[in-house]
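# A structural walkthrough
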Amino acid sequence: MDDRDRLTERFEEHRPRLRAVAYRMLGSVSEADDAVQEAWLRTIRADTGEVENLEAWLITVVSRVCLNVLRSREQRREEPLDVQAHDPAVGHEDGGDPEHEAMLADSVGLALLVVLDTLTPAERLAFVLHDMFDVPFDDVAPIVGRSSQAVRQLASRARHRVKGASPAPDSADLDRRRAVVDAYLAATRGGDFDALVALLDPDVVLRADPAVGPTPGPLVIRGARVVAKGALASAERARVTQVALVNGSAGLVMAPRGRLYLVLAFTIVDGKITEIDVIAEPDRVRRLDLTVLGD
């Protein structure tokens, strides 16, 4: 067996862990596989003969690749509203191994991926590597170009977001609001126009920020029937939407491929939805305090 074969064998031994790191970083199976493949290409071009801890070295390489992807994603944020879902918990359109994809999704959870997507790239990398894979802060620091103390602070901020910073709302009131939001999501998924209209105040107002599109400016829609028709147009996207706490109140988050794309914040009065704010601008989304709720 020559050196290339031995390196290939050792890389394959570490591939599952590298893929797990990349998936938690990126929230996408296909992007995780691409990151691991890029790490392999960098590995065969590098001199690894003197590397004492190959696994740690490979995690560093794949983490740098993922950091570049996250930073590029921050700059572009160009996922269209009609994107088809590829999150492993939803479908297998990317042609990967469904069983392994399901295992990855179950091990992380869409709820956690949604919260991770509110973090900055450096925060996400610091939290994932240290809190989820026990990588020391001293080893994380060179990857993000920060001091160990700065990385510790990044992870602390991320941990705070992941655990949830909202004060606990009144449980009975939250249950009532969540019931309305659950019904709204179910009616949207089921294409039930009459049920949607029944949940909406006759004078309901929906406001969408410019990032939602397709108009260049904010969009304002009024009236239960018009808003209901718009919701039904989003029925396909509703399959990658979950109920969440949005600043302490019941709302919805949409996360195709495990990447948080937009948030719906609801104002509910006497059991009727009176306002819906659709938020997609990255800076606005990042400032929200989000906790995805289980079924």
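To start, this report covers the structure provided alongside it.

Cut-offs used in this document
Residues numbered from 1 in each chain as written. Predicted model: local features only at pLDDT ≥ 70, side-chain atom pairs only at ≥ 80, totals over all residues. Heavy atoms only, no water. Helix = DSSP H or I, 4+ residues; strand = E, 2+ residues; numbered from the N terminus. Buried < 20%, exposed > 50% of the residue type's maximum accessible area, 1.4 Å probe, protein only. Contact = heavy atoms within 4.5 Å. Areas by Shrake-Rupley, 256 points an atom, 1.4 Å probe, with all protein chains shown as cover. Core = buried A, V, L, I, M, F, W, Y, C linked by side-chain atoms within 4.5 Å. Expected span 1.5 Å × (residues − 1). Arc of directions from axis to C-beta. Axes fitted to C-alpha atoms, helices over the stretch in contact; angles between N-to-C directions. Parallel < 35°, antiparallel > 145°, perpendicular 65-115°, else oblique. Nonpolar A, V, L, I, M, F, W, Y, C, P; charged D, E, K, R; others polar. Salt bridge = Lys/Arg side-chain N within 4 Å of Asp/Glu carboxyl O. Phe/Tyr/Trp six-rings, centres within 6.5 Å; stacked < 30°, edge-to-face > 60°. Pairing = 2+ DSSP bridges.

The helix and strand inventory of the protein stands at twelve helices and seven strands. Out of the 295 residues belonging to the protein, those deemed buried represent 47%. Sequence separation of at least 24 residues holds for 65% of the intrachain contacts in the protein that already meet a minimum separation of 6. Entry remark: accessible area of the protein is about 14,200 Å², with carbon and sulfur atoms responsible for 49%.

Quick look at the nonpolar core now. With 46 residues, the main nonpolar core has Met25, Val62, Leu125 and Leu129 as its most contacted residues. For this core, the secondary structure elements donating two or more residues are helix 1 (3-26), helix 2 (29-45), helix 3 (54-76), helix 5 (110-116), helix 6 (121-133), helix 7 (137-144) and helix 8 (148-163). If you look at the next biggest cluster of nonpolar residues, it comprises 35 residues, including Leu196, Val204, Ala208 and Val243.

So, about helix 8. Taking 1.5 Å per residue, 16 residues should reach 22 Å; helix 8 reaches 22 Å between its end C-alpha atoms and fits that length. For helix 8, the complete set of buried residues consists of Val151, Leu154, Ala155, Ala158 and Arg161. In an axial view of helix 8, the angular spread of the buried residues amounts to 120°, which keeps them on one side of the axis.

A separate point is the packing of helix 6 against helix 8. The N-to-C vectors of helix 6 and helix 8 enclose an angle of 90°; their axes lie 8 Å apart at closest approach. As far as their axial angle goes, helix 8 and helix 6 are roughly perpendicular. On helix 8, the residues touching Ala122, Glu123, Ala126, Phe127, His130 and Asp131 of helix 6 are Val151, Leu154, Ala155, Arg157, Ala158, Arg159 and Val162. Class assignment for the residues of the contact of helix 6 with helix 8 results in eight nonpolar, one polar and four charged.

Now for the pattern of salt bridges. Throughout the structure, instances matching the rule amount to twelve salt bridges. Of the charged contacts in the structure, one is a salt bridge between Glu38 and Arg42, with a shortest N-O distance of 3.1 Å. Remark: Arg42 and Glu38 occur in helix 2; sequence separation between them is four residues, near one turn of the helix. Since its relative accessible area comes to 26%, Glu38 is described here as partly exposed. On the basis of relative accessibility, which here comes to 31%, the residue Arg42 falls in the partly exposed class. In this structure, Asp182 engages Arg178 in a salt bridge whose closest nitrogen and oxygen atoms are separated by 3.3 Å. Of the two residues, Asp182 and Arg178 both sit in helix 9 (residues 171-190), four residues apart, roughly one turn of that helix.

Among the structural elements, Thr43 can be located in helix 2. The exposure class of Thr43 is buried, given its relative accessible area of 1%. In contact with Thr43, not counting residues within four places along its chain, are Leu7, Phe11, Thr48, Trp57 and Leu58.

So, about the packing of aromatic side chains. Scanning the model with the defined rule gives two aromatic pairs in all. Seen from their ring centres, Phe11 and Trp40 are 5.0 Å apart, and the 55° between their planes marks the pair as tilted. Placement of the pair is Phe11 in helix 1 and Trp40 in helix 2, with a sequence separation of 29 residues. Accessibility assignment for this pair places Phe11 and Trp40 in one class, buried. Geometrically, the ring pair formed by Tyr184 and Phe266 is edge-to-face, given 5.1 Å between the ring centres and 70° between the ring planes. Of this pair, Tyr184 sits in helix 9 while Phe266 sits in strand 5 (residues 262-269); the two residues are 82 residues apart in sequence, bridging distant segments of the chain.

It is worth spelling out helix 11 (residues 224-232) at this point. For helix 11, the set of buried residues is Ala224, Val227, Ala228 and Ala231. Down the axis of helix 11, the buried side of the element spans an arc of 100°, and every buried residue falls inside it. Those residues of helix 11 that are exposed and angled more than 90 degrees off the buried face are Arg225 and Lys229.

With that settled, the discussion passes to unusual backbone geometry. With a phi angle near 60°, Asp134 is a residue other than glycine that sits in the positive phi range. With respect to the helices and strands, Asp134 occurs in the loop between helix 6 and helix 7. Positive phi outside glycine occurs at Asp270, with the angle close to 55°. Take Asp270: it is sitting in the loop between strand 5 and strand 6 (272-279). Asp270 sits in the exposed class, given a relative accessible area of 78%.

Let's shift gears to the sheet that holds strand 3 (residues 241-246). Within a sheet, each strand pairs with its neighbour through backbone hydrogen bonds, oriented either parallel or antiparallel. Pairing is mixed across the open sheet formed by seven strands, whose spatial order is 2-1-6-5-4-3-7. If you trace the sheet from one side to the other, it starts and ends with strand 2 (219-222) and strand 7 (290-292), each paired once. Taken over all neighbouring pairs, the strand axes of this sheet differ in orientation by 25° on average, direction set aside. Of the pairings in the sheet, the one linking strand 1 (residues 200-208) to strand 6 comprises five bridges and is parallel in character. Looking at strand 6, one finds that Leu200 is bridged to Ile273. Set on the sheet, helix 11 makes contact with strand 1, strand 2 and strand 6; between it and strand 1 the angle comes to about 55°.

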